[in-house]
Amino acid sequence: MSEPAKKEQEKVVDQGIDVGIARLTEDKIKHTINSVIKVETGARLKAYVETCIHCGLCSEACHYYLSQGNDPKFSPVGKVKQTMWEMLKKKGKVSPEFMRRAVEIAHTECNLCKRCAQYCPFGIDIAYIMTVVRRIIHKLGITPLYIQDTAHSHSVTMNQMWVKDDEWPDTLQWQEEEAQAEIPTLRIPLEKEGADIMYSVIAPEPKFQAQLIYQAAVIMDVAGVNWTMPATPGWDNSDMAMFTGDNELMGRLKRSHFETAARLKVKKIVMGECGHAFRSVYDMGNRWLGWKMPPIPIVHAIEFYYELLKAGKIKIAKKYATPVTLHDPCNVVRGGGLEEKARYVAHAICEEVIEMHPNREHNYCCCAGGGVINCGPPYKMKRIKGNKVKADQLFRAKTDGAETLITPCHNCHSGLHDIVTHYEIGMDIKFFGDIIYEAMEKPGAIDG
Amino acid sequence: MHDVYNFVSGPLVWVAFIVFIAGSLYRVISLIMLVNKKEKFIFDYMSFKYSLRSIIRWSIPFATVNWRKHPVLTVVTFAFHICLIVAPLFILAHSVLIDESWNISWWSFSDTIGDIMTVIVIAGSIFFLIRRVVLPEVKFVTSASDYVILAIVAAPFITGFIAYHQWFAYPNMMIFHIISGEIMLMAIPFTRLRHMLLSPFTRAYMGSEFGGVRHSKDW
Ligand code: HEM
Ligand code: SF4
Ligand code: SF4
């Protein structure tokens, strides 16, 4: 099943890269690389590059390396060698062809999952180095087409999916009406100033998965939460700009999100089951805006469900009977420490939870995160082949009896769906919200 | 011959120590100044508790997942580094030198222990060399400088070992031993051996980010 990586190096057609590369001159490359490195980086890049002892101990952290038959080109330090070391050594004098390969590496062969930072004895942050490479790529205008399109959407509409200003409240109203067929008194309160909570989602929810908003509304309603959703741009918490190295746009997006919450005078923002958005609001975007921690407390859905279940605000009528296994999304577990809360929720709503290994902060990434899945169809097989270890891991969990896979993250959900399908693992994939909605008591519901 | 010996064991020692100490200070201070100039936010995220937590964790053999994944390397690297740092400080012959020069009675251990430690460092160097040649993931990221620093580190121990046992060319070997030791010291701030100086900082920063922000473990 796992073929050697070498065979797979056929050239992908990606207009974002191809057209951009055709416009480059060596001079422009050199100037851009040097200006990013000189102006925008500092002690971190210097210390990481100068401290690395070239020991290769980070290799086994990376699912790409492990999945590609331990091909050193895919090891974390191997990726730095093929990109940043060369740029530094040649003082930016690299060819357009070199940059093409750098785009492939930084955008489609690294999920910025930071697992390698846990394996390097010096704690060298290779994901950070890859984001610097992506920043250079952004400034050179050679970002892969699909992810660049989402960034354009962000820039124009303040959401990731070209959702128009009027489509958004329409969608919410539509979901409210749908949900009212089940719970007649249910509301999705829009623009409610002074609510305790602003609920924010990523744009794919209104675009393709509106039922997730329905489910969230039911959970909020039953739990008696004083909540609201904004009717204006600023409702989308997603952020592809963070992954394309377009930091300025990331700043605009996060400012609009936080300012919307501030305008509504809410106490906190609760966000849906998304990992990269959590990274953006909790770690990256807030920093770009100069906030050490988010200016308004951010509560990820996992933590929110944990609080509701613990306080008995939602009660489980009948636990989900099919045995489940739990995927730990990097951004909220390695990036937010929510692993035990996720387990609390899983055990509270499911009859049987079967652990996959390695798990918790040592989980394998889904290989979709870090913007990799957003680079689109040209890289789909690379992404699937690049995560054979995950397939093996899921197979083992399945052998242990798990039939449903819970992934409290949108990217993981889509990425693991591709893996489960390609490797014919045969598992249902669900969000916590799906299961809570199914299993909870709904006192106000029409058929009880 | 005597002149050369006097030179390398006299003025050159001073030069080596001054270069080592001044160079090390320069490395560390310039790094901190760079943080101050370009990435001041790092100071805000640094946490004493989580820095220490991370440094201590990684300083204990088998205390991290990756140390456990590489048991042989873990034993070798800890033995190698401990002997590498401790042996030169307390080898009997060095202790005698310190006593003779400054009249300080310095702690020392027996010749046998010194001998064993020296062998451990040499063996460790050979282990790292083999690893570098044999393991594809190490080979892929290896450049000439990696062999050079390995040689720089191994040289004082190999020459010291030969000189101590007086197998051949004793006077010359002593001179080689002293010079190679001086080169090693001077190389620390200016080659990748500077991981000795910088690794506490990278470790501390990653420990702080993982502990304070990510609420996760970095091991
Ligand atoms: C006291 C602080 C130091 C720490 C925490 C430290 C840590 C490390 C670590 C984690 C490695 C990589 C793992 C491995 O390959 O074993 C390493 C490798 C190495 N260190 Fe150190 N080290 C220190 C001081 C030194 C000094 C003072 C020297 C020599 C002057 C030195 C020479 C080496 C060499 C030669 C390697 C092997 C590189 C290779 O794989 O070829 N280290 N060190
Ligand atoms: S995918 Fe994860 S483990 Fe691999 S290099 Fe990128 S950050 Fe490191
Ligand atoms: S483990 Fe750390 S020091 Fe070793 S090669 Fe990887 S990044 Fe460099």
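Residues numbered from 1 in each chain as written. Chains lettered and ligands numbered in written order. Predicted model: local features only at pLDDT ≥ 70, side-chain atom pairs only at ≥ 80, totals over all residues. Heavy atoms only, no water.

Caption draft 1: The arrangement of the site of ligand 3 in detail. The local shell around ligand 3 holds 13 residues, among which A:Cys52, A:Cys55, A:Gly56, A:Cys58 and A:Cys120 are the closest. Tallied by class, the residues present in the shell around ligand 3 amount to 11 nonpolar, 2 polar and no charged. (Near = heavy atom within 4 Å. Nonpolar A, V, L, I, M, F, W, Y, C, P; charged D, E, K, R; others polar.)

Caption draft 2: Here's a closer look at the pairing of strand 1 (residues 197–200) of chain A. All names here are of chain A. Burial of the side chains of strand 1 extends over both faces: Ile-197 and Tyr-199 are buried on one face and Met-198 and Ser-200 on the other. Direction of pairing for strand 1 relative to strand 2 (residues 227–228): parallel, over a ladder of 2 bridges. Following the sheet pairing, Met-198 is matched in strand 2 by Thr-228. Summarising the sheet, strand 1 and strand 3 (residues 268–271) pair through 4 bridges and their orientation is parallel. The residue of strand 3 that forms the bridge with Met-198 is Ile-269. (Buried < 20%, exposed > 50% of the residue type's maximum accessible area, 1.4 Å probe, protein only. Helix = DSSP H or I, 4+ residues; strand = E, 2+ residues; numbered from the N terminus. Pairing = 2+ DSSP bridges.)

Caption draft 3: Up close: the interface of chain A and chain B. Counting from both sides, the interface comprises 50 residues of chain A and, opposite them, 46 residues of chain B. For the pair chain A and chain B, the summed buried area comes to about 4,300 Å², and 56% of that belongs to carbon and sulfur atoms. For the pair chain A and chain B, the number of links is 6 salt bridges. For B:Glu209, the salt bridge is made with A:Arg287, and the minimal N-O distance between the two is 2.7 Å. (Contact = heavy atoms within 4.5 Å. Buried area = accessible area lost by both parts, 1.4 Å probe. Salt bridge = Lys/Arg side-chain N within 4 Å of Asp/Glu carboxyl O.)

Caption draft 4: Quick look at the packing of aromatic side chains. If you walk through the whole model with that rule in mind, you get 19 aromatic pairs over all chains. When the centroid spacing of 5.7 Å and the interplanar angle of 85° are considered together, the rings of A:Tyr214 and A:Tyr437 count as edge-to-face. Of this pair, A:Tyr214 sits in helix 11 (residues 210–223) while A:Tyr437 sits in helix 21 (residues 432–439), and the two are 223 residues apart along the sequence. Residues A:Tyr214 and A:Tyr437 agree in their burial class; the two are buried. Between the aromatic rings of B:Phe90 and B:Trp106, the centroid separation amounts to 5.9 Å while the plane-to-plane angle is 15°, which identifies the pairing as stacked. (Phe/Tyr/Trp six-rings, centres within 6.5 Å; stacked < 30°, edge-to-face > 60°.)

Caption draft 5: How the structure looks around the sheet that holds strand 5 (residues 324–326) of chain A. Residue and element names in this part refer to chain A. Pairing is parallel in the open sheet, where 4 strands are placed in the order 6-5-7-8. The outermost strands of the open sheet, each flanked by one partner alone, are strand 6 (353–354) and strand 8 (428–430). Packing against the sheet, helix 20 (residues 410–422) makes contact with strand 7 (404–406) and strand 8, and its axis sits at approximately 175° to strand 8. (Axes fitted to C-alpha atoms, helices over the stretch in contact; angles between N-to-C directions.)

Caption draft 6: Highlighting the site of ligand 1. Residues in close proximity to ligand 1 total 19 residues, the closest being B:Thr77, B:His81, B:Phe128, B:Arg132 and B:His195. Of the chains in the model, those with residues near ligand 1 are chains A and B. The separation between an oxygen atom of ligand 1 and a polar side-chain atom of B:Arg132 is 3.0 Å. A total of 5 residues in the shell around ligand 1 trace back to one element, the largest contributor, which is helix 6 (residues 71–90) of chain B. Partitioning the shell around ligand 1 into residue classes produces 14 nonpolar, 4 polar and 1 charged. (Polar contact = N/O pair within 3.5 Å; in protein donor to acceptor, adjacent residues only side chain to side chain.)

Caption draft 7: Highlighting the nonpolar core. Residue and element names in this part refer to chain A. In terms of nonpolar packing, the biggest core is built from 101 residues, with Met-84 and Met-99 touching the most fellow members. The element that contributes the greatest number of residues to this core is helix 7 (residues 126–140), accounting for 10 residues. Excluding its chain neighbours within four sequence positions, the residues that come into contact with Met-84 are Ile-37, Leu-45, Val-49, Ile-129, Val-132, Val-133 and Ile-136. Within the second largest apolar cluster, 72 residues are counted, among which are Ala-195, Trp-227, Val-270 and Val-281. (Core = buried A, V, L, I, M, F, W, Y, C linked by side-chain atoms within 4.5 Å.)

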